Every structure is written in C-alpha cells, then in structure tokens.
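Observations on the model geometry
Next come the chains, spelled out residue by residue.
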Amino acid sequence: MDGVKIKKTTFNTTETTKLDGAMTPTGVLFYVDASHGLGGNDIVKIDDEYIRVTGVDSDTINCSTPATNRGLFGTAAQHHANDA
C-alpha cells in the first residue's frame, strides 16, 4: 500500500459477521451484526472489496476517507447489500 512489496498472505476467510444494512460505494460508516473484536487498521473483506477500518464504536465501523480506505489492493469500492 505504501510502495513496499508485500508477500502473499493467507487470510482467515471464516465469516465473522454480516452487514446490518446496505453500504454505498462512497459510504464511510457501515453497520455490522456484531463487531467481533474489529479494531482500527484492520482490513476487512466485504464481497470482493477490501476496506481498512479506521475506528469501531460498538457495531458501527468507520472507514473514514473512502478514497484511501475503500477498494484496497486493486479492488473497487462498490455497493454492498444487507447481510453481505
């Protein structure tokens, strides 16, 4: 992300929560059924999009500036349906 080459990393793909409401491509907040220990700087994957979390307040997840925190690793910011 900062120009440093990243080695291939294996991520846990176990579903831990679902969206509680739809999310637009420009959204900076999204709601989940349960945050399950998510915290700042965590990377989450919703559908085919990677998003960097900047803050968590209960079950409300903030990704702050969409231009730098949405659509990471060559993915695109997109619409996500409820329960994605």
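Our subject in this report is the structure included herewith.

Cut-off values and rules
Residues numbered from 1 in each chain as written. Predicted model: local features only at pLDDT ≥ 70, side-chain atom pairs only at ≥ 80, totals over all residues. Heavy atoms only, no water. Helix = DSSP H or I, 4+ residues; strand = E, 2+ residues; numbered from the N terminus. Buried < 20%, exposed > 50% of the residue type's maximum accessible area, 1.4 Å probe, protein only. Contact = heavy atoms within 4.5 Å. Pairing = 2+ DSSP bridges.

Quick word on the overall build of the chain
- For the chain, the helix and strand inventory stands at 1 helix and 6 strands.
- From first element to last, N terminus to C terminus, the chain shows the α and β order β-β-β-β-β-α-β.
- Split into buried and exposed, the 84 residues of the chain put 25% on the buried side.
- A separation of at least 24 residues holds for 51% of the contacts in the chain among residues at least 6 apart in sequence.

Structural notes on the pairing of strand E3 (residues 49-52)
- In E3, alternate side chains face the same way, and those of Glu 49 and Ile 51 are buried while those of Tyr 50 and Arg 52 on the opposite face are not.
- When strand E2 (residues 43-46) meets E3, the two strands line up antiparallel, connected through 4 bridges. Across the sheet, Ile 43 pairs through a bridge with Arg 52, a residue of E3.
- Between E2 and E3, which pair antiparallel and follow one another directly, the connecting turn spans 2 residues, one of which, Asp 47, has a positive phi of 55°.

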